[in-house]
Amino acid sequence: MKVGAGPETCHWGYFDATRAPVAHVQSGAEVVIDTVSGAPQVLPGDGYHVPPELLEIHAAGLPGMPGHILTGPLAVEGAAPGDVLQVDILDVALRQDWGYTVIRPLAGTLPQDFPDTHAVTIDLDAEAGQARLPWGGTLPLSPFFGVMGVAPPPGWGRISTIEPRAHGGNLDNKELVAGTTLYLPVFNHGALFSCGDGHGTQGDGEVCVTAIETALQGRFRLTVRRDLDLSYPEAETPTHWITMGLNADLDICVEIALRRMIALVADRAGITREEAYMLCSLAGDLRITQTVNREKGVHMMMAKERLQPRG
């Protein structure tokens, strides 16, 4: 199944449990999802490919609240509150030959230091796997979706896409590239998965408030899990487990991510909480995910090879 981007399949700026699904998929099925990014003011000059559906979304009207253009939601058959949605990210590909990076006043990690808006268009070469920076030099592309989330609890009402929360959303975790898996707690029937905020590449922190923002196509496998007990996003790469902490205070983010990793390590390695705490100190890596989404993010990584059960 493929779900394209456009005015009928995208929601801009918000998550809302009452939004009707644009498609239904069976648990365990693969789905290809197209996404677009950007308001009219970031469009490039002549000579670049602009997905026509992005222009159609612009023509349909600007959002009532600032945020990201997301494709979805997709209802996963059988998903119910209390389940976990396993999101296998099978492939991520560019859909255009440009991206943009913007500094906005009163935003980012240094909101008072840059009083003027500054935007650049960045050339993307999918074949070479490189971004060409306008001031010279290149960066390797490592595309991922900044936003992947299910619908929030119904009692939250309509919420912004900007802050990451327990439902996922604007995680901005650069580890979540093709070949990794994200686990999201489910709060509504069907889970109601959406994604967007395509990034060509990003540093930990995303300090100026944007990465290389671009249009991406993702291929996902969406699977309902009833054997997991999660109330918060977690992830895994081929080599590491990842726990996350989300809060306006980075210190609290650290505590959340660490406590969740202690629990994960104790469970998977079959050791005590005290031993898991020590192992986190010896072999775990705390990283700043992002510092710009009002709710900041920290993630902790633990190599799977360190979690050999006692025996």
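Residues numbered from 1 in each chain as written. Predicted model: local features only at pLDDT ≥ 70, side-chain atom pairs only at ≥ 80, totals over all residues. Heavy atoms only, no water.

Asker: Teacher, can you tell me more about the pairing of strand 19 (residues 240-247) here?
Answerer: Consecutive residues of a regular strand have side chains that alternate between opposite faces of the sheet. Most of strand 19 is tucked away: six of the eight residues are buried. Where strand 18 (residues 234-236) meets strand 19, three bridges bridge the pair, whose relative direction is antiparallel. Bridge pairing in strand 19 places Glu-234 opposite Thr-243. Hairpin connection, strand 18 to strand 19: the antiparallel pair is bridged by three residues. (Buried < 20%, exposed > 50% of the residue type's maximum accessible area, 1.4 Å probe, protein only. Helix = DSSP H or I, 4+ residues; strand = E, 2+ residues; numbered from the N terminus. Pairing = 2+ DSSP bridges.)

Asker: For this particular structure, what's the right way to read the nonpolar core?
Answerer: Proteins that are soluble and globular tend to have nonpolar side chains buried together. Ranked by internal contacts, the top residues of the largest apolar core, which has 34 residues, are Leu-85, Val-87, Met-148, Leu-182, Phe-193, Phe-220 and Leu-222. Ignoring any residue separated from it by four or fewer positions in sequence, one finds Met-148 in contact with Ile-89, Gly-168, Gly-169, Leu-171, Leu-176, Leu-182, Leu-184, Phe-193, Ser-194, Cys-195 and Phe-220. By size, the runner-up hydrophobic cluster in this structure holds 21 residues, among which are Ala-257, Leu-264, Ile-271 and Leu-279. (Core = buried A, V, L, I, M, F, W, Y, C linked by side-chain atoms within 4.5 Å. Contact = heavy atoms within 4.5 Å.)

Asker: Explain the packing of aromatic side chains here, please?
Answerer: Under the criterion given, the structure shown has four aromatic pairs. With centroids separated by 6.5 Å and ring planes inclined at 35 degrees, the aromatic side chains of Trp-156 and Phe-187 adopt a geometry described as tilted. Remark: Phe-187 occurs in the loop between strand 15 (181-185) and strand 16 (193-199) and Trp-156 occurs in the loop between strand 12 (144-149) and strand 13 (159-160); sequence separation between them is 31 residues. For Trp-156, a relative accessible area of 39% puts it in the partly exposed group. Classification of Phe-187 by relative accessible area gives partly exposed; the value is 22%. Geometrically, the ring pair formed by Phe-193 and Phe-220 is edge-to-face, given 5.6 Å between the ring centres and 70 degrees between the ring planes. Pair noted here: Phe-193 is in strand 16 and Phe-220 is in strand 17 (residues 216-225), with a separation of 27 residues, a long-range link. For the pair shown, Phe-193 and Phe-220 are each scored as buried. Taken together, the ring pairs in this structure connect Phe-145, Phe-193 and Phe-220 into an aromatic cluster. The ring of Tyr-14 carries the charged tip of Arg-158 above its face, separated from the ring centre by 3.7 Å. Between the NZ or CZ atom of Lys-304 and the centre of the ring of Trp-241, over which it lies, the distance is 5.0 Å. (Phe/Tyr/Trp six-rings, centres within 6.5 Å; stacked < 30°, edge-to-face > 60°. Lys NZ or Arg CZ within 6 Å of the ring centre and 35° of its normal.)

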